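Survey of secondary and tertiary structure
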Amino acid sequence: MLLMGHPTELKDAESMLNQLEMQTDAEDTDRFEIAEIKVAEDSELSGKTVADLHFRQHFGATLVGIRRGQEQITTVNPEEHLLGGDCLIIIGKPGVVQELKKQAPL
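Treat the numbers as computed from the prediction; the structure is a model and nothing was measured. (Residues numbered from 1 in each chain as written. Predicted model: local features only at pLDDT ≥ 70, side-chain atom pairs only at ≥ 80, totals over all residues. Heavy atoms only, no water.)

1. Focus on the pattern of salt bridges
We count it as follows: Here, a salt bridge means any side-chain nitrogen of Lys or Arg that lies within 4 Å of a carboxyl oxygen of Asp or Glu. A run of H or I in DSSP becomes a helix once it reaches four residues, and a run of E becomes a strand once it reaches two; helices and strands are each numbered from the N terminus. The buried label applies to any residue whose accessible area, calculated with a 1.4 Å probe on protein chains only, is under 20% of its type's maximum; exposed applies above 50%, and partly exposed to all values in between.
Using the criterion set out here, one finds four salt bridges in the structure. Arginine 67 is the salt-bridge partner of glutamate 36, the closest N and O atoms lying 2.3 Å from each other. A residue pair is termed long-range when its members are at least 10 positions apart, and glutamate 36 in strand 1 (residues 33-38) and arginine 67 in strand 2 (residues 62-68) qualify at 31 residues. Arginine 68 serves as the salt-bridge partner of aspartate 86, at 2.8 Å between the closest nitrogen and oxygen. On the criterion of sequence distance, the pair formed by aspartate 86 in the loop between strand 3 (71-73) and strand 4 (87-92) and arginine 68 in strand 2 is long-range, its members being 18 residues apart. For the pair aspartate 86 and arginine 68, one class covers both residues: buried.

2. Quick look at the sheet that holds strand 3
How we decide: In short, DSSP must find at least two bridges between two strands for them to pair. The axes used here are C-alpha line fits, helices contributing only the stretch in contact, and every angle between their N-to-C directions lies in the interval 0 to 180 degrees.
A sheet is described by the order of its strands in space; here four strands give the open sequence 1-4-2-3, paired in antiparallel fashion. Taken across any chain shown, the strands that pair with only one partner, and hence form the sheet edges, are strand 1 and strand 3. Neighbouring strand axes in the sheet, compared pairwise and without regard to direction, differ in orientation by 20 degrees on average. Pairing geometry for strand 1 and strand 4, over six bridges, is antiparallel. Bridge pairing in strand 4 places isoleucine 34 opposite isoleucine 91.

3. A few points about the pairing of strand 2
Both strand 2 and strand 4 contribute to a ladder of five bridges, which runs antiparallel. In the strand pairing of strand 4, threonine 62 is matched with isoleucine 91. Across three bridges, the pairing between strand 2 and strand 3 is antiparallel. Note on strand 3: the bridge partner recorded for arginine 68 is glutamate 71. The hairpin formed by strand 2 and strand 3 contains two residues between the paired strands, and glycine 69 there has a positive phi angle of roughly 65 degrees.

4. Considerations on the environment of glutamate 41
Basically, it comes down to this: Two residues qualify as a contact provided that any one of their heavy atoms is within 4.5 Å of a heavy atom in the partner residue.
Tracing the backbone shows glutamate 41 in the loop between strand 1 and helix 2 (50-53). Residues contacting glutamate 41, with those up to four places away along its chain left out, are Gly84 and Gly85.

5. Thoughts on the environment of phenylalanine 55
Its place among the elements puts phenylalanine 55 in helix 3 (residues 55-59). What makes phenylalanine 55 buried here is its relative accessible area of 4%. The spatial distance from the C-alpha of phenylalanine 55 to the C-alpha of proline 78 is 9.6 Å, given a sequence separation of 23 residues. The contact partners of phenylalanine 55, leaving out residues within four places of it in the chain, are Val50, Gly60, Ala61, Leu63, Leu88 and Ile90.

Written as structure tokens, this is what we have:
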């Protein structure tokens, strides 16, 4: 983008643009997304516990729930075994969530 004008006005414009950029960056770092990621029927995750997987450390997102058929598991115990076909409810930074969506089913 090219801005033209009096030096004082250009300095004001630069300041405003920098503030907008900083605000956008701050919003991105403070924002979280929630998503549902399916576990493949033949997934290596199947049969493993949440604790075994170190889910947050491995995937960079927090597992907050599991939908297993009609069952809703809203308090995920570290000893909960994941099963093929489970839908994992995760929360994380937008980039992490988008990357997990690309990998789905896990």
